[in-house]
Each structure stands twice: as C-alpha cells, then as structure tokens.
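# Per-entry structural report
If you want the building blocks of each chain, they are given just below.
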Amino acid sequence: QVQLVESGGGLVQPGGSLRLSCAASGSIFRINTMEWYRQAPGKQRELVAGSTSGGRTYYADSVKGRFTISRDNAKNTVYLQMSSLKPEDTAVYYCNALGLGTPPSGTFDTWGQGTLVTVSS
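Just so you know, these numbers come straight off a predicted model, no measurement behind them. By convention here, each chain's residues receive numbers from 1 onward along its written sequence. At least 70 in pLDDT is required for a residue's local features to be given in this predicted model, at least 80 for side-chain atom pairs to be given and counted, and no such filter applies to totals for whole chains, interfaces and linings, which use all residues. Values shown for side chains rest on all heavy atoms present in the structure; no hydrogens or waters enter the calculation.

## Remarks on the sheet that holds strand 3 (residues 18-26)
Where we set the bar: Should DSSP find at least two bridges between two strands, the strands are taken to pair. Put simply, DSSP marks the helices as runs of H or I at least four residues long and the strands as runs of E at least two long, and each gets a number from the N terminus on. Throughout, an axis means a line fitted to C-alpha atoms (over the contacting stretch in the case of helices), and angles, computed between N-to-C directions, take values from 0 to 180 degrees.
Strand order in the open sheet formed by four strands is 1-3-8-7, and the pairing between neighbours is antiparallel. Bordering the open sheet on either side are strand 1 (2-7) and strand 7 (67-72), each of which pairs with just one other strand. Averaged over all pairs of adjacent strands, the angle between their axes in this sheet comes to 15 degrees, without regard to strand direction. Here strand 7 runs beside strand 8 (residues 77-82); their pairing, made up of six bridges, is antiparallel. Among the inter-strand pairings, Ile-69 is bridged to a residue of strand 8, identified as Leu-80.

Set out below in structure tokens:
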C-alpha cells in the first residue's frame, strides 16, 4: 500500500504565501505523476497542478504564475508553493499520486487526506 500525507495548510492573508508538502510512503517502485487538487465548499474537486516523472509540469489557468509545483524524487515528496493568494484559493487541497508499487503490488492511484487552506483577512 501507498500512503500520502499532506502538510502546510493554514490561514493566510490575501497576497500571502504558503507551501504545501505531500510525502508518499509505502510499497513504492516508481511514482509517475503527482498532482494537487482542491475542493472549495459547494464546488467540485479541481486539478490545480501536476508533475510527471519526466519533469513536465502543468497548471490550472487560475493559478498560473502564482503557484509552483516541484518534486523531490529521492524523498517521494511533491510541493506546492502558493503565492499571491486570493480568497478564492480557499479550499481543501489534496495530493494524488499515480505509480507502480513494488512487486507483487501493481499500480496505485492514491489520495491524501487533504489540508485546509484559508485565505482571509
């Protein structure tokens, strides 16, 4: 099994910054994709940013230029640096990882428990 643990959420004022972390552990052979999603109250979960094992990154239009995703493959950890935060960024942020477990485990598609980010004055 593979587990994801997110951290770094909290309360921040508009215009401020936060860095989220998501650490994967367990029977991991290779992580292909690590992504951040968010879900605001009353809204559907949406993709925020992603990072592939080949180094490609991608972002939702709403966060381009403000958020940066990065990975430390040696630590099986993905980060989301969030800057110029807006009240509409308020949401529970979830980490997702897709990859291959150590044999005899197969592929995994795992979610973290979420971390709350509140942007408010």
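## Some thoughts on the state of the cysteines
Our working rule: Any cysteine sulfur atom paired with another within 2.5 Å is treated as part of a disulfide.
According to the stated counting rule, one finds one disulfide in the structure shown. Two residues, Cys-22 and Cys-95, share a disulfide whose sulfurs are 2.1 Å apart. Measuring handedness by torsion sign, the sulfur bridge of Cys-22 and Cys-95 sits at about -85 degrees and is left-handed. Of the two residues, Cys-22 sits in strand 3 while Cys-95 sits in strand 9 (residues 91-101), which places them 73 residues apart along the sequence.

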